[in-house]
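Chains, contacts and geometry: an overview
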Amino acid sequence: MTGSHHKKLHQPQFLPGIPKMQTCSLIKIIHSMIIGAFLFKLILRKMAKSITSDIMALIKKKEILIISICLHLTVSIQINNQTSCSSDIIINDANWKRYDAQFLATETARNATFSIQCQEKGTLYLGFCSLMPAETFHGHGLRKDLAEKLEQMHPSFLRFPGGCIVEGFTLETAMFFCNTVGPVWERPSHWLLWHYRTTNGLGFHEYLQLCEDLKLSALYVCNCGMTCQGRGPYYFNEAQMQFAINDTLNALEYALGSSQTHWGSLRAKMGHPEPFSLKYLEIGNENSGTEYEACFNRIREAVLERYPQIIIVSNTRSETIKTDIVDDHYYNMPEFFAENIDTYDDY
């Protein structure tokens, strides 16, 4: 479990049945905020012996004391309202902080729930929670059973992060590299076309790591400056288009740059100091038309100027663009495929 934040309280709050001195600790002094005489008397009576003369002087000037209460959390797996396994966490920091706990599963269940309970009264902010198996594929976070099934298929390349997820149906739901790297709990979540939210926990780094672990060629698909054309497209303005171009270049730097570069240094911090192998770049997903061709040419030119070894994949066949590979998408009746069965015999 990561990203817990305990709210700073501007008044001391004590727990029923528990001595006041055990439930609060003095952590910080903030100037220029006034509190009532009752609070002064309460703090002086219970804490005078442990407070220095300097702090006492500040109290006499009516400067506020912030009191922090330790919160005792129990995180558990519940099955039929019964605790299957649990672990305790003490929250005693007023800042955002990562907390980890371990569970040992005692049984298999299809109706289990993840529970977070607090024994005391207080305010707690949870920024990110994740329940992961202790053993993962090559220790890189993916489920072993699923990754091993992929490995047994002996694929030659992996196209990621996918299709329509790249485009989105609005500018806000379009996929960009910069939102999928760094510590998982710091990545912004992403609302998808299929009406659910993803944490981006499976991001650019994880896809590249999977390709390396499975010995696959990586094929990265970048947004080409537009949303899904099949859902009422939005075409990026100039500033947004430049952002998309830069985001693609940054993705390539993350994968291929040295650890001395900006994005390469982040890759190194994520545990991979040496560059990944990234061979292919597909510009856009299932896009076409004059708008696509103009965007394609701009991104292709920018990419090849810096990374001439990259093999470029396009979405369409056109005389106005230059490409190495075409990623055809056909939505047709069965007869069409029967008539064109030999299309790729010598491709």
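Note: the structure precedes this text.
Cut-offs applied
Residues numbered from 1 in each chain as written. Predicted model: local features only at pLDDT ≥ 70, side-chain atom pairs only at ≥ 80, totals over all residues. Heavy atoms only, no water. 1 Å grid on protein atoms, 1.4 Å probe; cavity = no way out; pocket = protein on both sides within 12 Å on 5 of 7 lines; lining within 4 Å. Points joined across faces, edges and corners; volume = space filled by probe spheres on them. Nonpolar A, V, L, I, M, F, W, Y, C, P; charged D, E, K, R; others polar. Buried < 20%, exposed > 50% of the residue type's maximum accessible area, 1.4 Å probe, protein only. Helix = DSSP H or I, 4+ residues; strand = E, 2+ residues; numbered from the N terminus. Pairing = 2+ DSSP bridges. Right-handed = clockwise from strand over helix to strand, strands pointing away. Patch = residues over 30% accessible without salt bridge, like charges linked within 9 Å, V, L, I, M, F, W, Y side chains within 5 Å. Areas by Shrake-Rupley, 256 points an atom, 1.4 Å probe, with all protein chains shown as cover. Salt bridge = Lys/Arg side-chain N within 4 Å of Asp/Glu carboxyl O.

A word on empty space enclosed by the protein. By the definition in use, this model includes 3 cavities of 30 Å³ or more. In this structure, the second largest cavity encloses a volume near 40 Å³. Along the walls of the second largest cavity sit F137, H140, L142, E206, Q209, L210 and D213, which together make up its complete lining. Along the lines of polarity and charge, the residues of the lining of the second largest cavity split into 3 nonpolar, 2 polar and 2 charged.

Of the two faces of strand β12 (residues 280-283), both are covered, the one formed by Y280 and E282 as well as the one formed by L281 and I283. Relative to β12, strand β11 (residues 217-222) runs parallel, the two being bridged by 4 bridges. In the strand pairing of β12, C222 is matched with I283. Where β12 meets strand β13 (residues 311-314), 3 bridges bridge the pair, whose relative direction is parallel. Within β13, the residue paired with E282 across the bridge is V313. What joins β12 to β13 is helix α9 (residues 289-306), and the crossover it makes is right-handed.

Here we take up a nonpolar patch on the surface. Nonpolar side chains collect at one region of the surface, where Y330, F337, Y344 and Y347 lie side by side and expose about 440 Å² of accessible area between them. Examined against the element boundaries, Y344 turns out to sit in the segment after α10 (334-339). With a relative accessible area of 41%, Y344 lands in the partly exposed category.

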